[in-house]
Amino acid sequence: MAHELPALPYDYSALEPTIDAQTMKLHHDMHHGAYVKNLNAALEKYPNLQSKSAEDLIRDLNAVPEDIRAAVRNNGGGHVNHTMFWKIMKPKGGGDPNGPIAEVIKKTFGNFKDFQTKFNEAGVKQFGSGWVWLAGKPSGELQIITTPNQDSPLSQGLFPIFGNDVWEHAYYLKYNNRRPEYLAAWWNVVNWDEVNQRLKTFQSHHEPALAGR
Ligand code: MN
């Protein structure tokens with residue numbers, strides 16, 4: 001079964017004024033659309049890989065034949081990263097985190113403001129295209145990391161709790177070269193309910209380590 005571009009869970013204009021409708025349309029339809037199309041094209045001559053999820057493919061890139069490994073890394077990663085990205089945003093989102101994510105942020109980073117500052121700084125410092133993440137380690141601990149291009153934390157054995165896209169295509173139409181401004185504004189559209197769901201998925205595999213801290 002071919003990989004498919006998931007529909008946006010809201011209108012293109014739903015995240016305005018934080019993210020403009022034209023950016024959303026191009027980002028979802030063209031950029032994410034191309035990752036899906038190119039992933040399917042790469043897998044065309046390997047029918048046995050076509051039934052694997054994109055997550056499973058990028059979790060074990062060494063199992064992917066060398067001639068399509070870079071294509072799967074870039075386009076499979078792009079597909080997985082963006083599928084997460086649309087869901088962890090919502091209209092009228094943002095505000096202070098609630099529930100379990102608020103607790104682990106406080107436990108790990110002291111308070112939400114310090115966490116935001118560190119996350120934004122990491123996003124600003126990522127040279128060129130990439131992502132900034134809150135990622136879960138096998139130990140159950142959380143850390144802020146960045147990845148270049150469309151590399152996923154999954155390929156490093158880490159779980160992406162949530163991440164922000166710092167490719168220019170994510171912000172350039174509205175924010176031009178002002179990436180720090182985009183990173184600061186982005187918190188207004190974060191969907192903490194979905195982030196809590198993802199944290200729950202991560203913790204269901206690492207509960208003992210977290211509880212032991
Ligand atoms: Mn993107």
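Residue positions are given per chain, counting from 1 as you read along its sequence in written order. Selection of residues for local features in this predicted model requires a pLDDT of at least 70, selection of side-chain atom pairs for listing and counting requires 80 or more, and totals for whole chains, interfaces and linings are taken over all residues. Excluded from the side-chain calculations are hydrogens and water; all other atoms, namely the structure's heavy atoms, are used.

### Focus: the packing of helix H5 (residues 112-125) against helix H7 (residues 179-186)
Here is the rule we go by: For helices, the axis comes from a line fit to the C-alpha atoms of the stretch in contact; other axes are also lines fit to C-alpha atoms, and the angle between any two N-to-C directions lies between 0 and 180 degrees. Secondary structure elements are defined from DSSP: runs of H or I of at least 4 residues count as helices, runs of E of at least 2 residues count as strands, and each element is numbered from the N terminus. Each crossing is labelled by how the near helix is turned from the far one, with a counterclockwise turn of less than a right angle marking it left-handed and a clockwise turn marking it right-handed. The contact rule is simple, with two residues in contact once any of their heavy atoms fall within 4.5 Å. Three classes are used, and their members are as follows: Ala, Val, Leu, Ile, Met, Phe, Trp, Tyr, Cys and Pro are nonpolar, Asp, Glu, Lys and Arg are charged, and the others, Gly among them, are polar.
Contact pair H5 / H7: the axes reach a minimum separation of 9 Å and the direction vectors enclose 145°. Handedness of the H5/H7 crossing: right-handed. Where H5 abuts H7, its residues Phe 119, Asn 120, Gly 123 and Val 124 lie against Arg 179, Pro 180, Leu 183, Ala 184 and Trp 186. Looking at the contact of H5 with H7 residue by residue, the classes come out as six nonpolar, two polar and one charged.

### Observations concerning the pattern of salt bridges
The following threshold applies: Whenever a carboxyl oxygen of Asp or Glu lies within 4 Å of a side-chain nitrogen of Lys or Arg, that contact is scored as a salt bridge. Accessibility here uses a 1.4 Å probe with only protein chains present; expressed as a share of the type maximum, an area under 20% marks a residue as buried, one over 50% as exposed, and anything in between as partly exposed.
As enumerated under the stated definition, the model contains seven salt bridges in all. Of the charged contacts, one joins Lys 137 and Glu 141 as a salt bridge, the two residues approaching to 3.7 Å between their closest N and O atoms. Owing to a relative accessible area of 26%, Lys 137 belongs among the partly exposed residues under this scheme.

### Some words on a nonpolar patch on the surface
Which entries qualify depends on this criterion: In this scheme, patches are assembled from residues that exceed 30% relative accessible area and form no salt bridge. Like charges are connected within 9 Å, while nonpolar side chains (Val, Leu, Ile, Met, Phe, Trp, Tyr) are connected within 5 Å. For the accessible areas, the method is Shrake-Rupley and the probe is 1.4 Å, while residue cover comes only from the protein chains on display.
Nonpolar side chains collect at one region of the surface, where Leu 26, Met 30 and Leu 173 lie side by side and expose about 290 Å² of accessible area between them. Note that Met 30 resides in helix H1 (residues 21-43). You can call Met 30 exposed: its relative accessible area is 53%.

### Re the nonpolar core
Selection rule: Nonpolar cores are built from buried Ala, Val, Leu, Ile, Met, Phe, Trp, Tyr and Cys residues. Side-chain atoms within 4.5 Å join them into one set. Domain limits in this description derive from either an automatic procedure or a database domain assignment.
Membership of the largest hydrophobic core comes to 44 residues, with the highest contact counts inside it found for Met 89, Phe 115, Ile 161, Phe 162 and Trp 186. At the level of secondary structure, the elements contributing two or more residues to this core comprise helix H3 (66-87), helix H4 (99-109), H5, strand S1 (130-136), strand S2 (142-148), strand S3 (159-165), H7 and helix H8 (192-211). Ranked by the residues each element gives to this core, the list is headed by S1, at five residues. Mapping this core onto the domain boundaries places at least three of its residues in each of domain 1 (21-87) and domain 2 (99-210). Setting aside residues up to four positions removed in sequence, Phe 115 forms contacts with Ile 105, Phe 109, Leu 134, Ile 144, Phe 162 and Trp 187. Grouped together as the second largest cluster of nonpolar side chains are 14 residues, Leu 39, Ala 42, Leu 49 and Val 72 included.

### Section: the side chain of Thr 147
Worth spelling out the cut-off: Between N or O atoms, a polar contact is any pair within 3.5 Å; within protein, one atom must be a potential hydrogen donor and the other a potential acceptor, and residues adjacent in sequence are included only when both atoms are from side chains.
Counting through the fold element by element, Thr 147 comes out in strand S2. You can call Thr 147 buried: its relative accessible area is 0%. A polar contact is formed between the side chain of Thr 147 and the side chain of Trp 133, at a distance of 2.9 Å. Apart from the residues lying within four places of it in its own chain, the contact partners of Thr 147 are Gln 126, Ser 129, Gly 130, Trp 131, Trp 133, Pro 153 and Gln 156.

### Some words on the layout of surface pockets
The criterion, for reference: Whether a set of points on the 1 Å grid over the protein atoms alone is a cavity depends on a 1.4 Å probe fitting there but being unable to get out, while an open set qualifies as a pocket with protein on both sides within 12 Å along at least five of seven lines; lining residues are those with an atom within 4 Å of a point. Grid points are joined across faces, edges and corners, and a volume is the space filled by probe spheres set on the points.
The volume enclosed by the largest pocket comes to roughly 420 Å³. Along the walls of the largest pocket sit 22 residues, with Ser 53, Ala 54, Glu 55, Val 80 and Thr 83 positioned nearest its centre. Each of domain 1 (21-87) and domain 2 (99-210) accounts for three or more of the residues forming the lining of the largest pocket.

### Details of H4
Here is the rule we go by: In this context, the arc is that of the directions from the helix axis out to the C-beta atoms.
For H4, the complete set of buried residues consists of Ile 101, Val 104, Ile 105 and Phe 109. The arc that holds every buried residue of H4, seen down its axis, measures 105°, which confines them to one face. Exposed side of H4, more than 90 degrees from the buried face: Glu 103, Lys 106 and Lys 107 are the residues found there. Note on H4: the residue one or two positions beyond its end, Gly 110, has a positive phi of about 95°.

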